[in-house]
Amino acid sequence: MQVDKRYPAKLLLFGEHTVLKGSSSLAVPYPAFHMSWVKKEEEHPKWLSEYCAYLYEHCSDFIDVVLLESRIKNHTIVADIPIGYGLGSSGALTAAIYDVAKKSESEEELSDLQEKLGLMESFFHGKSSGFDPLISFLQAPILKREGKLQVLDSSAVSLPVNFYLLDSGSARSGKDMISMFIERYDQFQNRIGELSSINNEIIEDTLHSSSASIFYQNIKTISSIQHDVMSYMIIEELKPLWKHGLLTDDYYIKICGAGGGGYFLVFSLNELQTIGSFKLQKVEL
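Residues numbered from 1 in each chain as written. Predicted model: local features only at pLDDT ≥ 70, side-chain atom pairs only at ≥ 80, totals over all residues. Heavy atoms only, no water.

J.: Help me out: how do you make sense of the layout of surface pockets in this one?
T.: Over the atoms a probe the size of a water molecule is rolled, and this reveals where empty space is left. Volume-wise, the second largest pocket comes out at about 210 Å³. The wall of the second largest pocket is formed by Y98, K102, S104, E105, S106, E107, E108, E109, L110, L113, F137 and L138. Listed by contribution, the elements that provide at least two residues to the lining of the second largest pocket are α4 (110-125) and α5 (131-138). Split into classes, the residues belonging to the lining of the second largest pocket amount to five nonpolar, two polar and five charged. (1 Å grid on protein atoms, 1.4 Å probe; cavity = no way out; pocket = protein on both sides within 12 Å on 5 of 7 lines; lining within 4 Å. Points joined across faces, edges and corners; volume = space filled by probe spheres on them. Helix = DSSP H or I, 4+ residues; strand = E, 2+ residues; numbered from the N terminus. Nonpolar A, V, L, I, M, F, W, Y, C, P; charged D, E, K, R; others polar.)

J.: What is the right way to look at the pairing of strand β8 (residues 263-268) in this model?
T.: The two faces of a sheet get side chains in turn, since along a regular strand they alternate between them. With respect to burial, β8 is a largely interior element, six of its six residues being buried. One ladder, built from six bridges, connects strand β6 (residues 162-167) with β8; its direction is antiparallel. Paired with Y164 across the bridge in β8 is V266. Inspection of the sheet shows strand β7 (residues 252-255) paired to β8 by four bridges, in the antiparallel sense. Within β8, the position partnered with K254 by the bridge is L265. (Buried < 20%, exposed > 50% of the residue type's maximum accessible area, 1.4 Å probe, protein only. Pairing = 2+ DSSP bridges.)

J.: Mind showing me how you'd approach the confidence of the model for the chain here?
T.: Detailed conclusions should not be drawn from predicted coordinates in areas where pLDDT is low. With 95% of its residues at a pLDDT of 70 or more, the chain shows a mean pLDDT of 88. Ranking the helices and strands of the chain by mean pLDDT puts helix α9 (residues 239-248) first, with 97, and helix α6 (residues 174-184) last, with 70. (pLDDT = per-residue confidence, 0-100.)

J.: Teacher, can you tell me more about the nonpolar core here?
T.: Most often, soluble globular proteins keep nonpolar side chains buried together rather than apart. With 89 residues, the main nonpolar core has L11, L55, M120 and L238 as its most contacted residues. Looking at which element gives the most residues to this core, the answer is helix α3 (residues 89-101), with eight residues. Once you skip the residues sitting within four places of it in the chain, M120 turns out to touch Y51, Y54, L55, C59, F62, I63, T94, I97 and Y98. (Core = buried A, V, L, I, M, F, W, Y, C linked by side-chain atoms within 4.5 Å. Contact = heavy atoms within 4.5 Å.)

J.: What is the right way to read the pairing of strand β1 (residues 6-14) from this model?
T.: Counting buried positions over the nine residues of β1 gives eight, a clear majority of the element. Relative to strand β2 (residues 25-39), β1 runs antiparallel, the two being bridged by eight bridges. If you follow P8 over to β2, its bridge partner there is H34.

J.: I'm lost on the packing of α3 against α5 in this one. Help?
T.: Packed helices, taken two at a time, are described by the angle between their axes plus the distance between the axes. The N-to-C vectors of α3 and α5 enclose an angle of 55 degrees; their axes lie 7 Å apart at closest approach. Considering their axes alone, α3 and α5 lie oblique with respect to each other. Crossing angle aside, the handedness with which α3 passes α5 is right-handed. In contact with G91, A92, T94, A95, Y98 and D99 of α3, α5 contributes D132, P133, S136 and F137. A class-by-class count of the residues in the contact of α3 with α5 yields five nonpolar, three polar and two charged. (Axes fitted to C-alpha atoms, helices over the stretch in contact; angles between N-to-C directions. Parallel < 35°, antiparallel > 145°, perpendicular 65-115°, else oblique. Left-handed = near helix turned anticlockwise from the far one by under 90°.)

J.: Where do I start with the pattern of salt bridges in this structure?
T.: A side chain with one charge may pair with a side chain of the opposite charge, provided their charged atoms come close. Tallying each qualifying case throughout the model produces 13 salt bridges. Among the salt bridges present, the one from E16 reaches K254, with a minimum N-O distance of 2.8 Å. Taken together, the residues span a long stretch of sequence, with E16 in the loop between β1 and β2 and K254 in strand β7 at a distance of 238 residues. The pair formed by E16 and K254 is uniform in burial state, with each residue classed as buried. For D249, the salt bridge identified is with K220, shortest N-O distance 2.9 Å. One end of the pair, D249, is in the loop between α9 and β7; the other, K220, is in helix α8 (residues 212-229), and 29 residues separate them in sequence. By sharing partners, the salt bridges in this structure join K5, D99, K102 and E105 into a single network. (Salt bridge = Lys/Arg side-chain N within 4 Å of Asp/Glu carboxyl O.)

This is the structure:
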């Protein structure tokens, strides 16, 4: 492991929530935010001791907890990934810890690595798929299609329109949003089925460089369905702006990850700096 190695945040481009019902998903590392180890002695938070105890109990067959405890005596993890914003902060932390404390340096099967990382990340927010830490650890885009994972070259993912992060100004609980989606699924099953189909189509658009017009129309469809059946995931201040984008075609807003707060995604054919009072951060993939 490099001393100055960075573990990037992740962006789920497509597949939010519908992946729970079998749709494809596409996520990429986002190195504008990251975590890294630095040499520094300081008092560690209580949760870190609790996490070491958790790793010893559940992950000691592949994690050297003694090595990790030795590491954290004179190192700490610094981060600028906002917590509760949908950028995989716990995934990056898991990747950083796994990298310094894994017992084996040999190459692993992707499914085995995902399972290990998922078990480690489960400490933070219940059962984890391991998807987020896998992206941060491998630092590569990952496509999930028909239940199988495929690691992609970074050059394989290209969006034909401008792409932004919109900061809602408030964190959210991803677990709560997932529970609400599952509770409402039967009520909106047909619309969510339509959303899954368009989601899969736009992933193929992204990987095979479709025209901007086709891509943009599919984004509009996703934004419209999310506005209609996932309004509980949209903060109140954003709802009129969301609708304005759909009416004018100036931009379209989409949920980022779990929704409910944190970041939202904005797509436009134009260069933008703000939407209403919300500042935008342009994303370069």
